[in-house]
Amino acid sequence: MHAVGMPHHSVNLRGNPQQSVKLIDLTTKETIEEMGLELAHREVFPDALYTAIDEEGRRVVYQCRELNEENHTASLEPLGCDSDLSTQPETDLTVASRVLLTEPKILSTPFPDARIRIRLHWGEITSLVTGYQRLKRQYHLTCTNPYCSGYHLPLKGKSCPQCHRSLRTAEITDVEQKITFPTPYRTSYEAPVLKIELNPGVTTVIREEVARLRKNLTDRYGDNIPDTLKHLWTSAPDWLALHSMGHQLIFAVPLLVLSSRSDVNFVVEREDKRSVGYFFDTCDGGNGATEAIFQNLPRLADKARALVEACDCEYGCPRCLTQHGCPQRNEGLNRDLGLFLLKAIGESASSIE
């Protein structure tokens, strides 16, 4: 385990940070639960709507009236057992590499001149909550065809103007209000960080694979491309491939080390006009998950590939692609493109740079 000093004195067995916030029911003055400060910034900021389960198993909605960071408490007022309102935080996360912990590795893929460099750093992870959206669930006539561009959009008439399927009444979430905080809520910690860089050879074969996937989808759907697949046209190919691969790899982490999927996260950033991926431990001082990925990346890629191929979904689902707590809101994901990169990594040969 690479770390500075003895960080595990302040880390429990589940890899959660020591600093926590108590959620207090304003009516009973009792503690509902405790959570880490970073999660509290995202879940119980002032005016946030928070859902919990009471002792009788009922769903209770609370509204946060105060988040006191000095006292490590959040004061919540119960609103009732149900609400058609919810809040969604606006977040920003950055990863900064500080110190190189070991020699970088070069993974030579089966494609000509296509190599991947991985570097294990000690780094700083900074999370900002800059505001939130207030959402409301409403019922509208809409298209219920998940492969239609009109899917879950408010529509009028008797049939969908795109696929011509009969409209049905369904629950749709609308943005009611957007709020920006005068001062963002900020948390930062230090932990191992794994940086993944693609050379021009890899980005070239990824662009070629995206072109192939686009053609297949156009042949199937014409101009009516499903919303879940439009990122193939709107996202940078290397960004899309890295983001998808990172999500799929996290599902396989518990198969390699004694760890939970929540012990590691992944983000893609643009640096010098190229996409770079970062795996990072989710607690101060680290928990070993990111280092295990660095040491066993090709083997882990094979396990991740097997998990995705065993899933019976067509374009990705919460069992094989989307991740709860994704810093980038699960935007820009493609099941097949992630598989393409996983296969290349799984078949790669490793060497020290």
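The model shown is predicted, which means the values in this text are computed figures rather than measured ones. (Residues numbered from 1 in each chain as written. Predicted model: local features only at pLDDT ≥ 70, side-chain atom pairs only at ≥ 80, totals over all residues. Heavy atoms only, no water.)

(A) The sheet that holds strand β5 (residues 73–80), seen in detail. Within the open sheet, the five strands sit side by side as β2-β1-β5-β4-β3. Their pairing is mixed. Only two strands of the sheet have a single neighbouring strand rather than two, namely β2 (31–36) and β3 (49–53). Ignoring strand direction, the axes of neighbouring strands in this sheet form an average angle of 35°. Bridge count between strand β4 (residues 59–68) and β5: seven bridges; the pairing is antiparallel. (Pairing = 2+ DSSP bridges. Helix = DSSP H or I, 4+ residues; strand = E, 2+ residues; numbered from the N terminus. Axes fitted to C-alpha atoms, helices over the stretch in contact; angles between N-to-C directions.)

(B) Highlighting the nonpolar core. Ile-116, Ile-206, Met-245, Leu-249, Phe-279, Ile-293 and Leu-341 are the most contacted members of the largest nonpolar core, which totals 53 residues. Elements with a contribution of two residues or more to this core: β8 (115–142), β9 (168–198), α2 (200–221), α4 (237–252), β10 (264–271), α5 (289–295), α6 (297–310) and α7 (335–346). Judged by nonpolar contacts, the second largest core, of 20 residues, contains Ala-40, Val-44, Ala-48 and Tyr-62. (Core = buried A, V, L, I, M, F, W, Y, C linked by side-chain atoms within 4.5 Å. Buried < 20%, exposed > 50% of the residue type's maximum accessible area, 1.4 Å probe, protein only.)

(C) Summary view of the pairing of strand β1 (residues 20–25). By the bridge criterion, five bridges tie β1 to β2 in an arrangement that is antiparallel. Bridging from a neighbouring strand, Val-21 pairs with Met-35 of β2. Taking the residues that link successive antiparallel strands as the turn, the β1-β2 hairpin has five residues, and the phi of Lys-29 there is positive, at about 65°. Inspection of the sheet shows β1 paired to β5 by four bridges, in the parallel sense. Each bridged residue has a counterpart across the sheet, and for Leu-23 the counterpart in β5 is Ala-74.

(D) Quick peek at the confidence of the model for the protein. For the protein, the mean per-residue pLDDT works out to 89, and 93% of the residues sit at or above 70. Looking at the elements of the protein, mean pLDDT is at its lowest for strand β12 (residues 349–352), recorded as 66, and at its highest for α4, recorded as 97. (pLDDT = per-residue confidence, 0-100.)

(E) Looking closely at the pattern of salt bridges. The full count for this structure, using the stated rule, is 16 salt bridges. Residue Asp-227 pairs with Lys-230 through a salt bridge whose shortest N-O separation is 3.1 Å. One salt bridge in this structure joins Asp-336 and Arg-335, with 3.8 Å as the shortest N-O distance. (Salt bridge = Lys/Arg side-chain N within 4 Å of Asp/Glu carboxyl O.)

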